[in-house]
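One letter stands for each residue in the lines below.
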Amino acid sequence: MDSISLSNSGAGRAARRAAMIAGHFLQAESLTSPLSISSCLNYNSPDLTNPPAFNTLQLRYILDGHHVEARDWLFKLMEDSVLFCPKVRCEGKVFVAPDYNQTKEQQREMTMRRIEFLMKNGVFEGWLTDPSAEVAMRKFAFLECLGTYDHSLAIKLGVHFFLWGNAVKFFGTKIHHDKWLKDTEKYIVKGCFAMTELGHGSNVRGIETIATYDSNTEEFIINTPCETAQKYWIGGAANHATHTIVFAQLHINGKSEGVHAFIAQIRDSDGNVLPDIHIADCGHKIGLNGVDNGRIWFNNIRVPRENLLNSVADVLPDGQYVSSIKDPDQRFAAFLSPLTVGRVNIAVNAIYISKVGLAIATRYALSRRAFAITPNTQETLILDYPSHQRRLIPLLAKTCALSCAANFLKTIYMERTPEANKAVHIYSSALKATLTWQNMTTLQECREACGGQGLKTENRIGVLKGEYDVQSTFEGDNNVLMQQVSKALLGEYISVQKKKKPFKGLGLEHMNGPLPVIPTDLTSSILRGSKFQTDIFCLRERDLLNRFAEEVASYQVQGKSKEKALLLSYQIAEDLARAFTERTILQVFLEAENKLPAGPLKKVMGLLRSLYATTCMDEGISFLRYGYLSVQNAAKVRKEILDLCAELRPHALGIVSGFGIPDSYLSPIAFDWVEANCKANLSGQNV
């Protein structure tokens, strides 16, 4: 047998494998000889070796935006109460988190007990009865803190105060305010919000519940006419709510006046479900089991005429329908505009959960070691690997940028006017979708970056994924919201073309100037320049808006309706909505940076802004698809990201410290994970 046939035989392959294994042993022996006893790994606190180069509290004031001291008061209030399940780990450190091993019934009971505790300690004071901006902003801050502890707690409160309470406040008039708001704030009345149905979620206009006016008794008869009309996913309905806002099609003398909101009682003061109302539990969920989501059927229940929330439209005793807004579309828009606050809350809360995940994963990466780069040396911190930096540090930059965008969203919501409602809707839709999607991306990366430790419930990241996954679809499906954004931008474009006036508002003023020119050869200094970043983001948005308008118009020329043309153009619509959102975030982030005086923090903010911008360019396929970046320049962007990650690596701990999440709301692996897992701390547990 010749040498070639021998090498291809089974015996030959076995011989080669044996030689390779022997080579590994010989190499290992040469690297470690003479043999030495290696010492066990120890935890070394990154706080001792990574002193911040900038004022982390100053960064926190930028990212939190407001009520920093009030937040710390609430964090401490929860930490000091046994109701919030404090556990001592890591050499005396206290951690607080819900007990997710409880049944859904136990979790729901604990949620209500925590709400009662918070109410007795004045947390909700003025939430519905004080109209001042100070109280409104404090309410935002407190809800962000409560969500940092437990999403179920934040959602349960959000349904009661922001959905039920705000519906009474903004849809109703003085008669409703006087009757319901004070009792709601004191939890004498427990409210829920029955809009979503089995057959209709995002399409509110299509809901099938019917409210028929009876002029003889001056009552509305509310009925569930079919199974798809059952109210579904109604937070608070399954166990605790005494009253609900019912969204139903208003019928008067055989004519439908569209969707309106009514107050209906569903339980008595003892918690018994009222006659002609049937309530069922939605069951166990992948998260949010501390919220009692329920289903409701109405069997021709009667509510008095004054239970119609009538700020937009009313029904007189004789059945006459009256409204100051004659156009049904405008009336519907005015009717739903107060609900924008739900999207604001969701967007902002998502950012705080990203901060929790990143603070845990970054601190772990600054103390966990794996492999030695050179023989006979200490193993390397995992955050010192360029690949690990590439995984986490761009997420730090995005979270800082998105925090500034969240503060921008709260500000425009608080300063809204009737004329600005459309802009608030567009921004809230864009940012709710973007921030919640980014939160899930961040949590997944953080979970993987923590390896097996990321799977443990006590380390929070894994369980937070299940708890916050719902954000992508409630208060508006993210894909639908982004389609609404691009459709609204197209409306602005068509209006400007028809009126022959310049763009004004939504940051679209850049469309009025000359087309930005992008350098053909991108150097590092150009890539890091705010002018280039702004130019290429504006160029992308401008071009995509033009392309979207042209594509829709071309379908219409072919005989398609405008609605069909929009549906067929959804791919470019998605690119446009993303371009609008990312340009908005970049500009808001740049404004926050420009307000800072020269110094270390301003320098770090500049690096974070450049990393945010270049990461968007690298991840956004539209930059290549439509030629805003050449293949060569896209490669330079990719390399610049690695350089920025390396420059920000020494600041990673300072950045997550600037997030302002108290240690007790993180997890054991963020600190001494060796001590937290040592045998002495098993406390008699059997393995």
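Residues numbered from 1 in each chain as written. Predicted model: local features only at pLDDT ≥ 70, side-chain atom pairs only at ≥ 80, totals over all residues. Heavy atoms only, no water.

Asks: What's the story with the overall build of the chain in this structure? I'm lost.
Replies: In terms of regular secondary structure, the chain is built from 24 helices and 13 strands. The C-alpha atoms of the chain give a radius of gyration of 29 Å, which matches the 26 Å a tight globule of 687 residues would have. A principal-axis box enclosing the C-alpha atoms of the chain has dimensions of 100 × 70 × 70 Å. Going through the 687 residues of the chain one by one, you find that 54% of them count as buried. When contacts within the chain are restricted to residue pairs at least 6 apart in sequence, those whose partners lie at least 24 apart make up 74%. With an accessible surface of roughly 30600 Å², the chain has 55% of that area assigned to carbon and sulfur atoms. (Helix = DSSP H or I, 4+ residues; strand = E, 2+ residues; numbered from the N terminus. Rg over C-alpha atoms; globule rule 2.2 N^0.38 Å. Buried < 20%, exposed > 50% of the residue type's maximum accessible area, 1.4 Å probe, protein only. Contact = heavy atoms within 4.5 Å. Areas by Shrake-Rupley, 256 points an atom, 1.4 Å probe, with all protein chains shown as cover.)

Asks: Even after reading the chapter, I still don't get the pattern of salt bridges, so can you show me in this structure?
Replies: Oppositely charged side chains can form a pair if their charged atoms are brought close together. Scanning the entire structure with this criterion turns up 39 salt bridges. A salt bridge links D80 to K76; the shortest N-O distance between them is 2.7 Å. Note that R302 is salt-bridged to E219, the shortest N-O span being 2.9 Å. Of this pair, R302 sits in strand β11 (residues 301-304) while E219 sits in strand β5 (residues 219-223); the two residues are 83 residues apart in sequence, bridging distant segments of the chain. Overall, the relative accessible area of 22% leaves E219 in the partly exposed class. The structure contains a network of salt bridges with shared partners spanning R60, D64, R71, D72, E144, K355 and K410. (Salt bridge = Lys/Arg side-chain N within 4 Å of Asp/Glu carboxyl O.)

Asks: Teacher, can you tell me more about the nonpolar core here?
Replies: When a protein is soluble and globular, its nonpolar side chains tend to lie buried together. In this structure, L118, I245 and F247 are the most contacted members of the largest nonpolar core, which totals 206 residues. The residues contacting I245, other than those within four sequence positions of it, are W164, A167, V168, C192, F193, A194, A261, F262, I263 and L309. (Core = buried A, V, L, I, M, F, W, Y, C linked by side-chain atoms within 4.5 Å.)

Asks: How do you make sense of the environment of P668 when you look at a structure like this?
Replies: Mapped onto the elements of the fold, P668 is located in the loop between α23 (652-658) and α24 (673-676). Taking C-alpha positions, P668 is 36 Å from A237, a pair spaced 431 residues apart along the chain. Dropping the residues within four chain positions of it, P668 is found in contact with R89, C90, F95, E458, N459, W673 and A676.

Asks: How do you make sense of the side chain of S81 when you look at a structure like this?
Replies: The residue S81 is located in the loop between α5 (68-79) and β1 (86-89) in this model. Beyond its immediate sequence surroundings of up to four residues, S81 is in contact with P86 and F117.

Asks: Is there a simple way to explain the packing of aromatic side chains in this structure?
Replies: Aromatic rings in a pair are described by how distant their centres are and how their planes are angled relative to each other. Counted under the stated rule, the structure contains 27 aromatic pairs. Plain terms: the ring middles of W127 and F161 are 4.9 Å apart, the flat faces sit at 70° to each other, and that makes the pair edge-to-face. Of the two residues, W127 is situated in the loop between α6 (104-120) and α7 (133-149) and F161 in helix α8 (residues 151-171); the sequence distance between them amounts to 34 residues. Accessibility expressed as a relative area gives 1% for F161, which makes it buried. Here W164 and W180 contribute two aromatic rings whose centre-to-centre distance is 6.0 Å and whose plane-to-plane angle is 90°, an arrangement assigned as edge-to-face. Taken together, the positions of W164 in helix α8 and W180 in helix α9 (residues 174-185) put the pair 16 residues apart, joining distant regions of the chain. We note that W164, like W180, is buried. An aromatic cluster is present here, built from F124, W127, F140, F161, F162, Y187 and Y413 joined pairwise through their rings. Directly above the aromatic system of F84 lies the positively charged group of R114, at a separation of 5.7 Å from the ring centroid. (Phe/Tyr/Trp six-rings, centres within 6.5 Å; stacked < 30°, edge-to-face > 60°. Lys NZ or Arg CZ within 6 Å of the ring centre and 35° of its normal.)

Asks: When you look at the sheet that holds strand β9 (residues 277-281) in this model, what are you seeing that I'm missing?
Replies: Either a parallel or an antiparallel arrangement is found when strands of a sheet pair, and the pairing is made through backbone hydrogen bonds. With respect to topology, three strands assemble into an open sheet ordered β6-β10-β9, the strand pairing being antiparallel. Each edge of the open sheet is held by one strand with a lone partner, namely β6 (231-235) and β9. When strand polarity is set aside, the average angle formed by the axes of neighbouring strands in this sheet is 35°. As paired elements, β6 and strand β10 (residues 293-298) share three bridges and run antiparallel to each other. Within the sheet, the bridge partner assigned to K231 lies in β10 and is I296. (Pairing = 2+ DSSP bridges. Axes fitted to C-alpha atoms, helices over the stretch in contact; angles between N-to-C directions.)

Asks: It is not clear to me how α7 should be interpreted in this structure. Could you clarify?
Replies: Residue pairs spaced three or four apart in an α-helix point in one direction, given the helix's 3.6 residues per turn. The terminal C-alpha atoms of α7, which comprises 17 residues, lie 25 Å apart, in line with the 24 Å expected from a rise of 1.5 Å per residue. Within α7, 14 of the 17 residues are buried, leaving the element largely enclosed by the surrounding structure. (Expected span 1.5 Å × (residues − 1).)

Asks: Teacher, can you tell me more about the pairing of strand β7 (residues 243-252) here?
Replies: On a regular strand, each side chain points to the face opposite its neighbour's, so the side chains alternate between the two faces of the sheet. Of all 10 residues in β7, nine are buried; the element is thus mostly enclosed. Pairing between strand β3 (residues 191-194) and β7: four bridges, direction parallel. For F193, the partnering residue across the bridge sits in β7 and is I245. Pairing between strand β4 (residues 210-214) and β7: three bridges, direction parallel. If you follow T212 over to β7, its bridge partner there is H251. Hairpin connection, β7 to strand β8 (residues 255-265): the antiparallel pair is bridged by two residues, and N253 has positive phi, about 55°.

Asks: Explain the packing of helix α4 (residues 56-64) against helix α12 (residues 386-414) here, please?
Replies: Each pair of packed helices gets described by two things: the angle between the helix axes and the distance between those axes. Interhelical geometry of α4 versus α12 gives an angle of 45° and a closest axis separation of 8 Å. By the angle between their directions, the pair α4 and α12 is classed as oblique. The residues of α12 that touch α4, namely those facing I62, L63 and D64, are C400, S403, C404, N407 and K410. (Parallel < 35°, antiparallel > 145°, perpendicular 65-115°, else oblique.)

Asks: Teacher, can you tell me more about a nonpolar patch on the surface here?
Replies: On the surface, I621, L624 and V631 cluster together into a nonpolar patch covering about 290 Å² of accessible area. When you line up the elements, L624 lands in helix α21 (residues 622-625). Take L624: its relative accessible area is 41%, and that puts it in the partly exposed class. (Patch = residues over 30% accessible without salt bridge, like charges linked within 9 Å, V, L, I, M, F, W, Y side chains within 5 Å.)

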